[in-house]
Every structure is written in structure tokens, then in C-alpha cells.
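# Structural features, examined
What follows is each chain in one-letter form.
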Amino acid sequence: MLLVPPPSPPLIPAANFTPSRRHVRLPRRVLATPAAASSEVDAFTQYSGYLFELSSSEAESLTEYKISRIAAIYQKKPFILLRRLFQTATTLGKWFALRYYDSITDRGDLMFEVRAAELRKILVQLGPAYIKIAQAISSRPDLIPPSYLDELSLLQDRIAPFSTEVAFDIIEQELKLPIDALFSEISPEPVAAASLGQVYQARLRSSGKVVAIKVQRPGVRAAISLDILILRFLAGVIRRAGKFNTDLQSVVDEWASSLFREMNYITEAENGVKFRQLYGSIKDVVVPEMYAGQTTRKVLTMQWVEGQKLAEVKDLYIIEVGVYCSFNQLLECGFYHADPHPGNLLRTYDGKLAYLDFGMMGEFKQELRDGFIEACLHLVNRDYDALAIDFVTLGLLPPTADKEAVTEALTGVFRNAVSRGIRNISFGDLLGNLGTTMYKFKFRIPSYFSLVIRSLAVLEGIAINVNPNYKVLGSTYPWIARKVLTDSSPKLKSSLQALLYEDGVFRIDRLESLLSESLRARMERVSVEKQVEDDSKMVIQQMLSFALNEKGAFVREILVEELAKGLDALGLATLESITSAMTANLPFRPNPISSMTDDDITNLRTLRRFVLLLSGPQQTETPASQQLPEGVGSKDGQKQFSDQVAFLPYGLVSGQELQPLLSAIFELPQASQQVLLRLPADVAGKLASRVVARIVRRTFL
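Quick caveat: nothing in here was measured; it's all calculated off a predicted structure.

## What to know about the overall build of the chain
A count of helices and strands for the chain gives 30 helices and 14 strands. For the chain, the residues scored as buried account for 52% of the 701 residues in total. Residue pairs at least 24 apart in sequence account for 74% of intrachain contacts in the chain once pairs closer than 6 positions are excluded. Accessible surface, the chain as shown: approximately 32600 Å² in total, 56% of it carbon and sulfur.

Structure representation (C-alpha cells):
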């Protein structure tokens, strides 16, 4: 539902339509829509009105989606079913035939806009089920030609309205009061009309607040029910004929269930209240208030919100707000807006993002949210073995799938995309490249996943309209990285541990990547619009603040452990360096035999990289002259190593490199400084344990 293509029509006193406040039938003649619009008013009813012919008991049985009930109704109405099949096949078949004729007669370009307009009119005639499909497609400017995009985008909020007289009758019947008793003012015609209903602007007589009144189109439930029955049958035929692994009928069922929930405005109001509670406090997000007392299954009353559709503005910050809010919906709370097309999102005149229409919502369970996060982590870090397991967790692959073969296939599919970097990965490209592999290894698309994919794909489509190079995954990953580093979930802690330790070796490069990405997770408008780069001091402060706060406790434990390992290796290296220097001038100098293992050298490299990481992002590249040598086992390598670590710690870092770190420490909050002061004792304890273990091992083993 969209509320307002400005300017809004003027509100007029409701009392103008009736001589008194008595419960009498209002004279609707003055409320008729303008003659200019009357030719299109009943396009849906004119062509598909025969679908409305249900008894009251049949109509009441369709309050929720149950395919068995729908099938039982239309088994008794075979002629209506056949008529609808014939109407749909001939209407769409004629259009496709004309498109084919245009292509073979070289008139494709000439007739492009004409055919686009014809398709829009056909979809309006066929009704809401087909309009809903077109709405999702119209949000992808990277997939749809501009002429079709312009026409299909009109289906989001500019469908020809039904009679205002009928709409006001529905309001009175549902709310049990005459119009002038409910509202002191109301717009004489709808301000917007969508597939399931149309919207009026009004002022509540009881409170004086300006509200939006959404009224459901007559007959939509019956029309959608029959169309879903047909689409579900066709989905089964297509699956058997094409030997698809995905249960297409379940996908249709999931979509149909959400569509039926969307047609119950009481459910939509409850969804709106929940959405407002969960996300209404997010900075620059607006969620309208719902008025449950003036809401029924067919009439919804909510706070009036004014603004511009996202397709009409070029505001990248608003897109970033939408990405962050979507992250919270999908991966924090699991309650998400499953229909975020441009007609349901507004940029308010004070620069905020307003969500409208809460009929189509989805639930993302905790285990699936964790699985989705793990899949993103493993994809970015090119861990295709783990990614194959994630696909099983998410229900995309059967447990019996050949994991090695899947890993090899995924490597081939994603290698090129991931090599361009997380910020350049297109969500659409990933899905497109995966097609052949999905068919070969019997991938399935779980019913829940179709709504999640649709939500993300539509969001990326909206963003592409603002910035053609925008990547939703690249903008979401910083929030994913921050969640992985700070979440208290045992499963995500385990995932982080597995990610940072590969074959028992600490991968500090992965920690660097997660930290640097998490620092991009900001919502300040200036950081989005100007892409301001942080200086070293600010980055160091952010890293320290993260590591020293309560949410960074788990990562802090890992860092303390690795710091102890590094200092242990540093002590050994220093001892060997001093010993080598003292024996250098002896006449019978023994051949130097290093007691340091490959693990010790790795730990020393990690220590240096860790200190450089805290010295600022520009310092993370280690000059060749300062790199610790490879080839530990060779005499040359040992000699080079001994020379380089002489008088450590100067061989690890310089005073100049440590200056930003020391400066940032003094500016930390008091609480963080107290945590920092306790760290030396923690490191010393772990270091002492390692030294004792080493002595025992070398003495008795």
C-alpha cells in the first residue's frame, strides 16, 4: 500500500455528504470519481467480476489460505474454472503472440512502449495475483527494460480505483457507523489505489488526527483464490516436466499464505504494531501508528505519512538506512517486511525512511538466521567446504549430497565473483551463476527462502535505481561482521572460532578483515554521502573500544590467548638473539641450533601483525625489510632470523608506529581503560602457563 502521491487532494467535511448525524444512507452522488478516471474504474470488475460470484458461506471459508477449501469450492464451479483458464491463456497468449510478431517483422523497438502499456492493462484486468508478481519484477531495473519498468511501476500505486461509493459503503458496514460520525474530513476520491485496496485521507472526529483509510477491493479474495489454484496446478506440472528439485507448489503455498494474510487488515495492523515496536526506534526510520479501534478485516486505519517514493529520489543515505533496517529484520529479530517494493517505502520530507503496508511479512527462525550469517562468512572467506555444509543447514541441499563434489562446484561458481571483493559482489549475479549447480546437485528452494530472497532482491533493485553499482551484500556485510564479532550466540561464537583458526593456526588476516568491515557499519549521513575516511587515530579508538567493551569479550579472550603465544615466541627469539650475540666472538663457536618451531615463528609474525593492526590501517602492510623470514629449518633462515630479532621489540615495531596507539589509549573511556589495565595480568597468567608447559615438555619429554 502506498499512501501519498503528493500533492494530496483537499480534505472536505464529511458532514457535507449527509444532512444529519443520523444513521441514514449517505447521498454518494457527490463522491463519484471524476469522469476522466471513470473509464478505468472497474477494469478488474469488468473483465474478472464473474469470479466474485460466491455464496456468503463460501466467501467466509476463504478467510485464510487452505488449498483444500479452495479446491472444494471450485470443484462445484467447473465452468468458472474453465472460463478463467481460457481467459488467462488467451489474454496472455495474444500478447506473447504480438510480441513474437513484432520481433519477426522488425517492429520490436517501434512497438516496445505500446506492448508495455498493453501488458500493464492486461495485468490489471486479470487481477491482484498477477499484479503482485509484476510488482516484484518492477523493482529490478537491472532486469527489466525501461519502458516496461515505467509501466509496471504504475501497478505499485496507480491502478484504476473502484467506486468511491462502494468504498464508503464498505467503511460504514465494517465500522458500524456513518462516515460523518467517524471522520470530520475525508478526501472525495482515493489518493492511491493498489492491487488489494485503495486509500483515502481523513481526519478522525474523535481525536482530530489525520489518518489513512485503506479499503479492500471487492472480490479480491475470490479472484486470488482461483488464480492460486491454477498457478499451483501449473507449478506441479512444470516441476514434473522440468524435473525440478524444488517443490514449486510449496513455494506457491508460501506466497499464497502471505498473500492471504495481507488481505486480513486486522493481521496487517498487528504486524504494523509489532514492526513499530521492533524497528520504530532505529534512527531515521518511520513506522506509522495503527488504529486498532477503527480497523477490521476489510478496513485499515493508520497514521498518515507524507513523502516521496524512493524511485523518485536519489538519496543513497536512505538506501543505507533501508539496508540497516533490513539487516535488523532478517538477522537480528527475524520478523521482516517481505514486500519492500518502492510503493511501500517513502522518503519523508524531513529525510527519513517510512515503511508502509505490513500485510506481507515473514518469519526467519534463529537457526536459519545463524546459518545465513555463517554462509555469508564462509562465502567471503572462500571456505567452500563449510559453505556446502551451510547449504544443508539452510535446507538448500539434501543431507545425502556429495559434499566434495558440491564444494568443487561452488568453488567454480563463486571464485570469480568473490575475487572482486565483498563490496563488488552482486546479489543477482550470485543467484544467476548458481543456476546450473542448483540443478545438478538437486538444490531445493525452501518455501521460507523464497520470501527472503525476494526481499533482498527487491531491496537491491531499489538501490540500483539510485546507484547502478550498488551491492546490497557489500553494504550488509559490515553489519554481519559486527554481529559475528559481538553476538553472544554459542553457535556464532563457535563459527567465529572455526573461522579464525584454520587447522589450528590463528588467521589474523581474517580477524583484520572482520574488524575493518565492522568499522564500515555506520549510519551517520555524512559517512554515507561523503564516504569520509577515518584517520588512524579514530580507527584505533574504534578497534580498542570494541575489544574492551562487554560485547567484545569473546574476541578479547582470543586476542589475549594469541598475544600470550606471541610474547612467548618473542621471549624465545630474544633469548636466542642474546645468546647468539654473546657467543659470536668465541674461538670455538658452536653451530647455532634454533629451539624455535614453525609454530613459534607463526606466533611471532602474528604478534607483529597484531601490533601493526592496532597502529592504524595504513600500517598493516609490512615492509619487506621488516618481514620475518621463511625457512626456519635452514641455517640461513635461522641466521637471518637471529639478526632481525636482535634488540626486540624494536624488530617488531618502531616507536613512530606505536604513537597513534598510545595516543588513542589515553582518550579511551574510563571503563575501557580499566578493562585495559586488567589485560596485562590476564596475558601474564596465560604466558606463565605456556612457559611452564614448555619447560616440562623439554625436561621430561
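So much for the structure itself; the text now carries on.
## Section: unusual backbone geometry
Its identity as a non-glycine residue notwithstanding, Lys 176 has a phi of 65°, on the positive side. Position of Lys 176 among the secondary structure elements: in the loop between α9 (164–175) and α10 (179–182). Residue classification places Lys 176 among the exposed residues on the basis of a relative accessible area of 64%. Phi is positive for Asp 357, close to 60°, though the residue is something other than glycine. Tracing the backbone through its elements, the reader meets Asp 357 in the loop between β11 (353–355) and β12 (361–363).

## Some details on the nonpolar core
With 158 residues, the main nonpolar core has Tyr 74, Ile 228, Phe 364, Phe 414 and Leu 514 as its most contacted residues. Apart from the residues lying within four places of it in its own chain, the contact partners of Phe 364 are Leu 330, Leu 331, Gly 334, Tyr 336, Arg 369, Phe 372, Tyr 448 and Val 452. Counting residues in hydrophobic clusters, the runner-up holds 18 residues, among them Phe 162, Ile 213, Tyr 291 and Val 299.

## What to know about the environment of Ile 238
For Ile 238, the position within the fold is in helix α11 (residues 220–242). Residues Ile 238 and Gln 249, 11 residues apart in the sequence, show an inter-C-alpha distance of 9.8 Å.

## Notes on the sheet that holds strand β6 (residues 285–286)
Pairing is mixed in the open sheet, where four strands are placed in the order β6-β11-β10-β8. In this open sheet, the two edge strands, each paired with only one partner strand, are β6 and β8 (307–309). Strands in contact with helix α14 (residues 316–333) are β6, β10 (345–348) and β11; relative to β11, the strand with the most contacts, it is inclined by about 45°.

## A closer look at helix α30 (residues 670–700)
In a regular helix each residue adds 1.5 Å, so 31 residues correspond to 45 Å; α30 covers 46 Å between its end C-alpha atoms and thus fits that length. Taken as a whole, α30 carries its principal kink of about 25° at Arg 678; the proline Pro 680 stands between one and four residues after it. Residues Ser 672, Val 675, Leu 679, Val 683 and Arg 694 constitute the buried set of α30.

## Quick look at the side chain of Lys 214
Note that Lys 214 resides in strand β5 (residues 210–216). Exposure remark for Lys 214: the relative accessible area of 5% places this residue in the buried category. Side-chain polar atoms of Lys 214 contact the side chain of Glu 268, separated by 3.0 Å.

## Side note on the pairing of β5
When you tally the buried positions in β5, you get six out of seven residues, the bulk of the element. Here strand β4 (residues 197–204) pairs with β5 via seven bridges, running antiparallel. Paired with Val 199 across the strands is Lys 214, a residue of β5. Of the strand pairs in this sheet, β5 and strand β7 (residues 299–303) are connected by five bridges, and their pairing is antiparallel. Within β7, the position partnered with Val 211 by the bridge is Gln 303.

## Comments concerning the packing of aromatic side chains
Overall, the coordinates contain 10 aromatic pairs when judged by the stated rule. A ring pair is formed by Phe 275 and Phe 358, whose centres lie 5.2 Å apart and whose planes are at 40°; its orientation type is tilted. With Phe 275 in helix α13 (residues 265–279) and Phe 358 in the loop between β11 and β12, this pair connects stretches of sequence that are 83 residues apart. Seen from their ring centres, Phe 364 and Phe 372 are 6.2 Å apart, and the 70° between their planes marks the pair as edge-to-face. Taken together through their ring pairs, the aromatic side chains of Phe 275, Tyr 279, Tyr 355 and Phe 358 make up a single cluster. The lysine or arginine in question, Lys 274, covers the ring of Phe 335, its NZ or CZ lying 4.3 Å from the ring centre.

## Looking at the confidence of the model for the chain
For the chain, the mean per-residue pLDDT works out to 77, and 77% of the residues sit at or above 70. When pLDDT is averaged over each element of the chain, β7 comes out on top at 96 and helix α1 (residues 35–38) at the bottom at 36. Low pLDDT, under 50, characterises residues 1–7; the predicted model gives this stretch 30 contacts beyond four residues in sequence or across chains. Low confidence marks residues 17–41, where pLDDT is under 50. Its contacts with residues over four positions away, or in another chain, come to 40 contacts.

## Points about the state of the cysteines
Within the structure shown, the criterion is met by zero disulfides. There is no disulfide at Cys 325, and the cysteine sulfur nearest it, in Cys 333, is 9.3 Å away. Overall, the relative accessible area of 0% leaves Cys 325 in the buried class.

## Considering the side chain of Thr 88
By secondary structure assignment, the location of Thr 88 is in helix α5 (residues 78–104). Classification of Thr 88 as buried rests on a relative accessible area of 11%. There is a polar contact of 2.9 Å between the side chain of Thr 88 and the backbone oxygen of Arg 84. Excluding its chain neighbours within four sequence positions, the residues that come into contact with Thr 88 are Gly 93, Leu 126 and Tyr 130.

## Comments concerning the pattern of salt bridges
Using the criterion set out here, one finds 23 salt bridges in the structure. Here Glu 262 ties to Lys 132 by a salt bridge, and the two come within 2.8 Å at their closest N and O atoms. A residue pair is termed long-range when its members are at least 10 positions apart, and Glu 262 in helix α12 (residues 248–262) and Lys 132 in helix α7 (residues 128–137) qualify at 130 residues. Here Arg 507 and Asp 509 are joined by a salt bridge, their closest N and O atoms 2.7 Å apart. Taking relative accessible area as the criterion, Asp 509 reaches 30% and is therefore assigned partly exposed. Through salt bridges that share partners, Asp 102, Arg 107, Arg 115 and Glu 118 make up one connected network.

## A look at the packing of helix α21 (residues 472–486) against helix α23 (residues 508–518)
Following both chains from N to C, one finds α21 and α23 inclined at 120°, their axes separated by 7 Å at the closest point. Taken together, the axes of α21 and α23 are oblique relative to one another. In this structure, α21 crosses over α23, and the sense of that crossing is left-handed. Here Tyr 477, Pro 478, Ala 481, Arg 482 and Leu 485 of α21 lie close against α23, whose contacting residues are Leu 511, Leu 514, Leu 515, Glu 517 and Ser 518.

## Here we look at the environment of Gln 674
As for its position among the elements, Gln 674 is in helix α30. In this structure the C-alpha to C-alpha distance between Gln 674 and Leu 548, which are 126 residues apart in sequence, comes to 9.0 Å.

## Re a nonpolar patch on the surface
There is a patch of nonpolar side chains on the surface, built from Phe 233, Leu 234, Val 237 and Ile 238 and spanning about 360 Å² of accessible area. With respect to the secondary-structure elements, Phe 233 resides in helix α11. On the accessibility criterion, Phe 233 (54% relative accessible area) is exposed.

## Things to note about the packing of helix α15 (residues 366–380) against helix α16 (residues 384–393)
Look at α15 against α16: their axes get within 9 Å of each other, and the N-to-C directions meet at 160°. As far as their axial angle goes, α16 and α15 are roughly antiparallel. Crossing angle aside, the handedness with which α15 passes α16 is left-handed. Touching Leu 368, Gly 371, Glu 374, Ala 375, His 378 and Leu 379 of α15 are Ala 386, Leu 387, Asp 390 and Thr 393, all from α16. Each residue belonging to the contact of α15 with α16 can be placed in one class, and the counts come to five nonpolar, three polar and two charged.

Calculation rules
Residues numbered from 1 in each chain as written. Predicted model: local features only at pLDDT ≥ 70, side-chain atom pairs only at ≥ 80, totals over all residues. Heavy atoms only, no water. Helix = DSSP H or I, 4+ residues; strand = E, 2+ residues; numbered from the N terminus. Buried < 20%, exposed > 50% of the residue type's maximum accessible area, 1.4 Å probe, protein only. Contact = heavy atoms within 4.5 Å. Areas by Shrake-Rupley, 256 points an atom, 1.4 Å probe, with all protein chains shown as cover. Core = buried A, V, L, I, M, F, W, Y, C linked by side-chain atoms within 4.5 Å. Pairing = 2+ DSSP bridges. Axes fitted to C-alpha atoms, helices over the stretch in contact; angles between N-to-C directions. Expected span 1.5 Å × (residues − 1). Bend = angle between axes of the 7 residues up to and from the residue. Polar contact = N/O pair within 3.5 Å; in protein donor to acceptor, adjacent residues only side chain to side chain. Phe/Tyr/Trp six-rings, centres within 6.5 Å; stacked < 30°, edge-to-face > 60°. Lys NZ or Arg CZ within 6 Å of the ring centre and 35° of its normal. pLDDT = per-residue confidence, 0-100. Disulfide = S-S within 2.5 Å. Salt bridge = Lys/Arg side-chain N within 4 Å of Asp/Glu carboxyl O. Parallel < 35°, antiparallel > 145°, perpendicular 65-115°, else oblique. Left-handed = near helix turned anticlockwise from the far one by under 90°. Patch = residues over 30% accessible without salt bridge, like charges linked within 9 Å, V, L, I, M, F, W, Y side chains within 5 Å. Nonpolar A, V, L, I, M, F, W, Y, C, P; charged D, E, K, R; others polar.

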